[in-house]
12 protein chains.
Amino acid sequence: MPDSVYKIIELVGTSDKSWEDAAKNAVETASGTLHDLRIGEILKLDMTIEGGKVKSYRARVNVSFRLDA
Amino acid sequence: MPDSVYKIIELVGTSDKSWEDAAKNAVETASGTLHDLRIGEILKLDMTIEGGKVKSYRARVNVSFRLDA
Amino acid sequence: MPDSVYKIIELVGTSDKSWEDAAKNAVETASGTLHDLRIGEILKLDMTIEGGKVKSYRARVNVSFRLDA
Amino acid sequence: MPDSVYKIIELVGTSDKSWEDAAKNAVETASGTLHDLRIGEILKLDMTIEGGKVKSYRARVNVSFRLDA
Amino acid sequence: MPDSVYKIIELVGTSDKSWEDAAKNAVETASGTLHDLRIGEILKLDMTIEGGKVKSYRARVNVSFRLDA
Amino acid sequence: MPDSVYKIIELVGTSDKSWEDAAKNAVETASGTLHDLRIGEILKLDMTIEGGKVKSYRARVNVSFRLDA
Amino acid sequence: MPDSVYKIIELVGTSDKSWEDAAKNAVETASGTLHDLRIGEILKLDMTIEGGKVKSYRARVNVSFRLDA
Amino acid sequence: MPDSVYKIIELVGTSDKSWEDAAKNAVETASGTLHDLRIGEILKLDMTIEGGKVKSYRARVNVSFRLDA
Amino acid sequence: MPDSVYKIIELVGTSDKSWEDAAKNAVETASGTLHDLRIGEILKLDMTIEGGKVKSYRARVNVSFRLDA
Amino acid sequence: MPDSVYKIIELVGTSDKSWEDAAKNAVETASGTLHDLRIGEILKLDMTIEGGKVKSYRARVNVSFRLDA
Amino acid sequence: MPDSVYKIIELVGTSDKSWEDAAKNAVETASGTLHDLRIGEILKLDMTIEGGKVKSYRARVNVSFRLDA
Amino acid sequence: MPDSVYKIIELVGTSDKSWEDAAKNAVETASGTLHDLRIGEILKLDMTIEGGKVKSYRARVNVSFRLDA
């Protein structure tokens, strides 16, 4: 059947190094249970702050995967 | 209990004919496992292109369904 | 007087065939009582679902018409 | 493990009293099966109307929870 | 004729009690002259302030009703 | 009754001089039939072009007025 | 001099009762040091959750006040 | 060199049949001079109206293509 | 061939007098090399400041023109 | 130290002449106490109306200035 | 008093290395005079360019801090 | 001539390292044929995923350059 259907879920990854790393954490955690991930779109970037210092970078990511693939 | 709770999920349907068909594919695939779907809201429309021609129409759709109905 | 004033109203058309048909219904219903319609802008597309099937396509449309033309 | 991953889901709660109550219904229904909820963000507020009266208040809410916590 | 057309108008209700009450005022004033209202969508919430105190809550609401019903 | 209700309508004014003039045209045309106008919010500014020259400035304006005042 | 200048600041109020109360807290705290507040616009509503229950309502508010011109 | 660069241009296609046809016209006109088109994203849909009837459907489309491919 | 295709480009005009003048500069510079311009939509207005004074007004404008159909 | 930090504040200027004048008032009032202003971005334009006439033009402006310059 | 009030300010940090570094500069400069910072939200990322090369990365950040904590 | 006109184009850069690198690729490719680039604004960040791993980072960038400089 040529007409495939994808589902999009929204994840937040965190990292104390960078937003790339935060987004990668979110995607690679999701890829443990979901297959055929293709694109991760960044929806929001922020930081947590503690004691006047940046403690972690967070990336909110939309990830799409094929249903019933 | 009169106060019901709905969940909204985001799907992408594809079709080589039209966006109506793409959205219908997404909704009717979802209705196989979810019940009491009411509304499908279009979030984004796009097309894939191959060899200079439109290959498929894609519709990103928000679908809501009742939890524990 | 060269400086004309337009009013914009917001309509929702429905159709069981397509969003083009839904938008056309909205525009052509409005044109019965309003004159000199020029542009119809799509604000939102959605679908109603019943029994797991798409029942109707709906198009929310901004229509502008000249006041006192 | 310092780099946690969260998932965000979108719920709609309803109440005949208030939007606070509608949002609380959504969150507390979700907390039955999900743990470690932290924040609920309001995405949209609306009302259903029947017989010229407001029948229910609805709140669309983004709720985040920790994966594999 | 199965393909109905709706019109959407934008109202602002005010109340010294709550945003629910402000939105209800807008909807129930409109229902005096319009019939078959279904949904009221909140577009904006604000407050007027006087003498350092909140004087009124205001809710901007989109209300849809059927044309020629 | 202290809790007043306002209606918001959307107008487009045009002028060959300026956007201020275009918006003023829209507001002052509306004030012929509506009373107690308070605020006009600019939603969009554009220009029509003819023969490579700007022909007119257009301002899309939200105007609110009191119902049954 | 008739042309006054206003400044807009962004506050977040919290309450365990309602969003109206949260917004009121923000405004009335600000009115202790700022004078001639007029309008408070809601930018965002959310909730904090603890132990599966809503713990507090939060309202992000834009408040404008006159600069001492 | 593995790190490719794409350019995105914005086109408007028109059709008297459908928005799919309008978008296809835009994409296939562009593909005459540009190569390696991949995705066409819909930015806006509208209609021109003449004599109370829909005259044409228009689709504003973002099309991306590879630079120096 | 009745189905024409338009391209939209984004320009920024500057002027030390007004935003109308800034937008006009952008449009009339573009009309030297492009033909059949119809509409210029304002996307953003800003100002450059120097020595505490406004030095220039800038208008970001979307201009559409017909591709050589 | 090469890595400078800027602060952005939001002002509303008013004028009975034009939005350029309103924005200029906001910027030039701010420049009395802040130094090294560079850019003023327009966030919103509106008008106050009295007795059916435009009474003043208002411009909401983001102004950035260097901290500790 | 359990109902705390936060203020949100908008900063722009710059760095010749990365957006993480730019955002960190903004936050850590602010933390010199403000206490109890919790979250920094990214509003915009851009770059300055000189001689055809990226000269600096800039991050616009919303930072919230407790009033009277 | 004091009133300059800029054009803004939209590019997508890719990198397997970081979004900074992706954006830099887009800008420095453009600077080969365009001169007097000043600012690159990030419009969107995403990632491509292959085999459950992030394969590349992509940055969509608005780049402005002076016409006829």
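Higher on the page you've got the structure.
The text that follows walks through the structure, step by step, so that each part is easy to find. Computed from a predicted model, the values in this text were never measured in an experiment.

### Here we look at the relation of the copies chain A and chain K
Next, step 1: Superposition of chain A onto chain K requires a rotation of 120 degrees combined with a translation of 0.0 Å along the rotation axis, giving an RMSD of 0.0 Å. Expressed as an axis order, the relation between the two copies is that of a three-fold axis.
Next, step 2: Of the interface residues in chain A, just 20% have counterparts in chain K that sit at the interface too, so the contact is made through distinct surfaces.

### Describing the interface of chain A and chain K
Next, step 1: Facing the 15 residues of chain A at the interface are 16 residues of chain K.
Next, step 2: Between chain A and chain K, a total of about 1,200 Å² is buried, with carbon and sulfur atoms accounting for 61% of that surface.
Next, step 3: For chain A, the biggest contributors to the area lost against chain K are A:W19, A:M47 and A:I49; these three give 44% of the whole.
Next, step 4: Joining chain A to chain K, the criterion identifies 2 salt bridges.
Next, step 5: Where chain A touches chain K, the interface holds 7 residue pairs in polar contact (both at pLDDT 80 or more).

### Section: the environment of F:S4
Next, step 1: Here F:S4 is to be found in the segment before β1 (5-15).
Next, step 2: Apart from residues lying up to four places away in sequence, F:S4 is in contact with E:V12, E:G13, E:T14 and F:R66.

### A few points about the interface of chain G and chain E
Next, step 1: Every contact between the two is made by 16 residues of chain G and, on the other side, 15 residues of chain E.
Next, step 2: Taken together, both faces of the contact between chain G and chain E bury some 1,200 Å²; the carbon and sulfur share is 61%.
Next, step 3: Where chain G packs against chain E, one counts 2 salt bridges.
Next, step 4: When the shortest N-O distance is used, the salt bridge between E:K44 and G:E41 registers 3.0 Å.
Next, step 5: The interface formed by chain G and chain E includes 7 residue pairs in polar contact (both at pLDDT 80 or more).
Next, step 6: Among the secondary structure elements, those contributing two or more residues to the side of chain G that touches chain E are α1 (19-30), β2 (39-50) and β3 (53-66) of chain G.
Next, step 7: Looking at side-chain class alone, the side of chain G that touches chain E contains 9 nonpolar, 2 polar and 5 charged residues.
Next, step 8: In this sheet, β2(G) lies alongside strand β2 (residues 39-50) of chain E in antiparallel orientation, the contact comprising 3 bridges. Among the inter-strand pairings, E:T48 is bridged to a residue of β2(G), identified as G:I39.

### Quick notes on the packing of aromatic side chains
Residue and element names in this part refer to chain L.
Next, step 1: Using the criterion set out here, one finds 12 aromatic pairs over all chains in the structure.
Next, step 2: Here W19 and Y57 contribute two aromatic rings whose centre-to-centre distance is 5.1 Å and whose plane-to-plane angle is 80 degrees, an arrangement assigned as edge-to-face. With W19 in helix α1 (residues 19-30) and Y57 in strand β3 (residues 53-66), the pair connects residues that are 38 residues apart, well separated along the chain. Each of the two residues, W19 as well as Y57, counts as buried.

### Some words on the environment of B:R38
Next, step 1: Here B:R38 is to be found in the loop between α1 (19-30) and β2 (39-50).
Next, step 2: Sequence separation between B:R38 and B:V63 is 25 residues; the distance between their C-alpha atoms is 7.7 Å.
Next, step 3: Contacts of B:R38, omitting those with residues within four sequence positions, involve B:Y6, B:S64, B:R66, C:M47, C:T48 and C:I49.
Next, step 4: Among the polar contacts made by the side chain of B:R38, one reaches the side chain of B:Y6 at a distance of 3.4 Å.
Next, step 5: Polar side-chain contacts of B:R38 include one of 3.3 Å to the side chain of B:D36.

### With respect to the relation of the copies chain G and chain E
Next, step 1: With an RMSD of 0.0 Å, the operation that places chain G on chain E is a rotation of 120 degrees combined with a shift of 0.0 Å along the axis.
Next, step 2: The fraction of interface residues of chain G whose copies in chain E are also interface residues is only 19%, indicating that the copies meet through different surfaces.

### Concerning helix α1 (residues 19-30) of chain I
Turn by turn, an α-helix covers 3.6 residues, leaving residues three or four places apart pointing in a common direction.
All names here are of chain I.
Next, step 1: Between its terminal C-alpha atoms α1 stretches 17 Å, which fits the 16 Å expected from 12 residues at 1.5 Å a residue.
Next, step 2: Among the 12 residues in α1, 9 count as buried, and that is most of the element.
Next, step 3: Three or more residues of α1 are buried, namely W19, E20, D21, A22, A23, N25, A26, V27 and A30.
Next, step 4: A side-chain oxygen of the first residue of α1 lies 3.5 Å from the backbone nitrogen of E20; this N-cap is S18.

### Considering the pairing of strand β3 (residues 53-66) of chain I
All names here are of chain I.
Next, step 1: When you tally the buried positions in β3, you get 10 out of 14 residues, the bulk of the element.
Next, step 2: Where strand β2 (residues 39-50) meets β3, 10 bridges bridge the pair, whose relative direction is antiparallel. Each residue of the ladder has a partner; that of E41, found in β3, is N62.
Next, step 3: The hairpin formed by β2 and β3 contains 2 residues between the paired strands, and G51 there has a positive phi angle of roughly 60 degrees.

### A short note on the pattern of salt bridges
Next, step 1: Tallied over the full model, the rule gives 96 salt bridges over all chains.
Next, step 2: Between E:E41 and C:R60 there is a salt bridge; the shortest N-O distance is 3.2 Å. In this pair, E:E41 sits in strand β2 while C:R60 sits in strand β3 (residues 53-66), so the two residues belong to two different chains. For the pair E:E41 and C:R60, one class covers both residues: buried.
Next, step 3: A salt bridge links D:D36 to D:R38, with the shortest nitrogen-to-oxygen separation between them at 3.2 Å.
Next, step 4: The exposure class of D:R38 is partly exposed, given its relative accessible area of 38%.
Next, step 5: Each of A:E10, A:R60, D:E41 and G:K44 takes part in a single network of salt bridges with overlapping partners.

Procedures and definitions
- Residues numbered from 1 in each chain as written.
- Chains lettered and ligands numbered in written order.
- Predicted model: local features only at pLDDT ≥ 70, side-chain atom pairs only at ≥ 80, totals over all residues.
- Heavy atoms only, no water.
- Least-squares fit on C-alpha atoms with pLDDT ≥ 70 in both.
- Contact = heavy atoms within 4.5 Å.
- Buried area = accessible area lost by both parts, 1.4 Å probe.
- Salt bridge = Lys/Arg side-chain N within 4 Å of Asp/Glu carboxyl O.
- Polar contact = N/O pair within 3.5 Å; in protein donor to acceptor, adjacent residues only side chain to side chain.
- Helix = DSSP H or I, 4+ residues; strand = E, 2+ residues; numbered from the N terminus.
- Nonpolar A, V, L, I, M, F, W, Y, C, P; charged D, E, K, R; others polar.
- Pairing = 2+ DSSP bridges.
- Phe/Tyr/Trp six-rings, centres within 6.5 Å; stacked < 30°, edge-to-face > 60°.
- Buried < 20%, exposed > 50% of the residue type's maximum accessible area, 1.4 Å probe, protein only.
- Expected span 1.5 Å × (residues − 1).

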